[in-house]
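Coordinate analysis (summary)
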Amino acid sequence: GNQASASLAPATIDTVAAAPTAALEEAASGGYTSDATVTVGGFEEGASWEYQLPGASDWTAGSGSSFELGDDTYADNVIKVRQTDVAGNTSSETTLGGFTVDTTVEDPTIDIASDSALSSDRITNDDTIDVGNIESGASWEYSTDGGSSWTDGSGSSFSLADGDYDTDDVQVRTTDAAGNQASASLAPATIDTVAAAPTAALEVAASGGYTSDATVTVGGFEEGASWEYQLPGAS
């Protein structure tokens, strides 16, 4: 009839670790994101966590509350995250994917279509501004007031009004599908598509339809302009 007893020392029974949370820090729009950060959470106190990227056979130990992805297209459920709690339980995997990470965009190009002057002085009577190096699927826009306002561009060029343009006066910027932006500025240039008609008159005005002075005076020339004349009967 002798009895004896004993008590269990304090203990915690934990047979399950909850799956962590994982999501893009900035949600993808149209399947694209320019933010490569994945935020993770829902970790039990003292737990460790790890993640696995597509194509990897091993898991990478995580730290903090996020990790970075490389630029790539990720199919559904190819990115995996799991945690292991202090009791040694490993959670089920949290997966994500179905988006493209794109953190870079190429710089566009912008220049006058042609330099029509006799020398390469960037004074031209061609008002066409060529735009290039736009990524497939990207949009572009241009500004003629130093970036204060923007106009949607199409094709590969736009027209510029007559005037003298300094560095940064005319700009172009491109936005790719992921939202990345890049810009470029037109080098100083002068657009001049109109030449004013010169003046021409007899040096001594005719009287009664006759003059004894054979000189015709001309003027009203733009700085640096050349001029020419044609007499009747000349071809």
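Described below are features of the structure shown in this document. Only a predicted model underlies this, so the values are computations on that prediction, with no experimental measurement involved.

Calculation criteria
- Residues numbered from 1 in each chain as written.
- Predicted model: local features only at pLDDT ≥ 70, side-chain atom pairs only at ≥ 80, totals over all residues.
- Heavy atoms only, no water.
- Helix = DSSP H or I, 4+ residues; strand = E, 2+ residues; numbered from the N terminus.
- Buried < 20%, exposed > 50% of the residue type's maximum accessible area, 1.4 Å probe, protein only.
- Lys, Arg positive; Asp, Glu negative; His and termini not counted.
- Charge placed at Lys NZ, Arg CZ, Asp CG, Glu CD.
- Salt bridge = Lys/Arg side-chain N within 4 Å of Asp/Glu carboxyl O.
- Polar contact = N/O pair within 3.5 Å; in protein donor to acceptor, adjacent residues only side chain to side chain.
- Contact = heavy atoms within 4.5 Å.
- Phe/Tyr/Trp six-rings, centres within 6.5 Å; stacked < 30°, edge-to-face > 60°.

1. As for the overall build of the chain
- Helices and strands together make up the secondary structure of the chain, namely zero helices and 22 strands.
- In terms of its C-alpha atoms, the chain occupies a principal-axis envelope of roughly 155 × 30 × 25 Å.
- Here the chain holds 235 residues, and 26% of them are scored as buried.
- Counting 4 positive and 39 negative side-chain charges, the chain places the centres of these two groups 15 Å from one another.

2. Some thoughts on the side chain of D35
- Position of D35 relative to the elements: it lies in the loop between β2 (32–33) and β3 (37–41).
- R173 is the oppositely charged side chain nearest to the buried, salt-bridge-free D35, at an N-O distance of 19 Å.
- A polar contact of 3.0 Å, which involves the side chain of D35, links it to the backbone nitrogen of T37.
- Those residues in contact with D35 that sit more than four places away from it in its chain are L24, E25 and E26.

3. Here's the deal with the pattern of salt bridges
- On inspection of all chains with the given rule, the structure shows three salt bridges.
- Taking the shortest distance from any N to any O, the salt bridge between R122 and D111 comes out at 2.9 Å. Taken together, the residues span a long stretch of sequence, with R122 in the loop between β11 (109–112) and β12 (123–124) and D111 in strand β11 at a distance of 11 residues.
- With its nearest N and O atoms 2.5 Å apart, the salt bridge here joins R173 to E141. Of this pair, R173 sits in strand β18 (residues 171–175) while E141 sits in strand β14 (residues 139–143), and the two are 32 residues apart along the sequence.

4. Description of the environment of T12
- Considering the arrangement of structural elements, one finds T12 in the segment before β1 (21–24).
- Overall, the relative accessible area of 73% leaves T12 in the exposed class.
- Residues T12 and A87, spaced 75 residues apart in sequence, show a C-alpha to C-alpha distance of 8.7 Å.

5. A few points about the packing of aromatic side chains
- Under the criterion given, the structure shown has 10 aromatic pairs.
- Look at Y74 and F99: their rings are 5.9 Å apart centre to centre, the planes differ by 45 degrees, and that puts the pair in the tilted class. Here the residue Y74 occupies a position in strand β7 (residues 72–74), and F99 occupies one in strand β10 (residues 99–101), the gap between them amounting to 25 residues.
- A residue is classified by how much of its surface remains accessible, and F99, at 6% relative accessible area, is buried.
- Ring centres of W140 and F158 lie 6.3 Å apart, and the angle between their planes is 40 degrees; on these two criteria the pair is classed as tilted. Of this pair, W140 sits in strand β14 while F158 sits in strand β16 (residues 157–159), placing them 18 residues apart in sequence. As far as burial versus exposure is concerned, W140 and F158 are alike and both buried.
- A network of ring pairs unites the aromatic residues F43, W49, Y51 and F67 as a single cluster.

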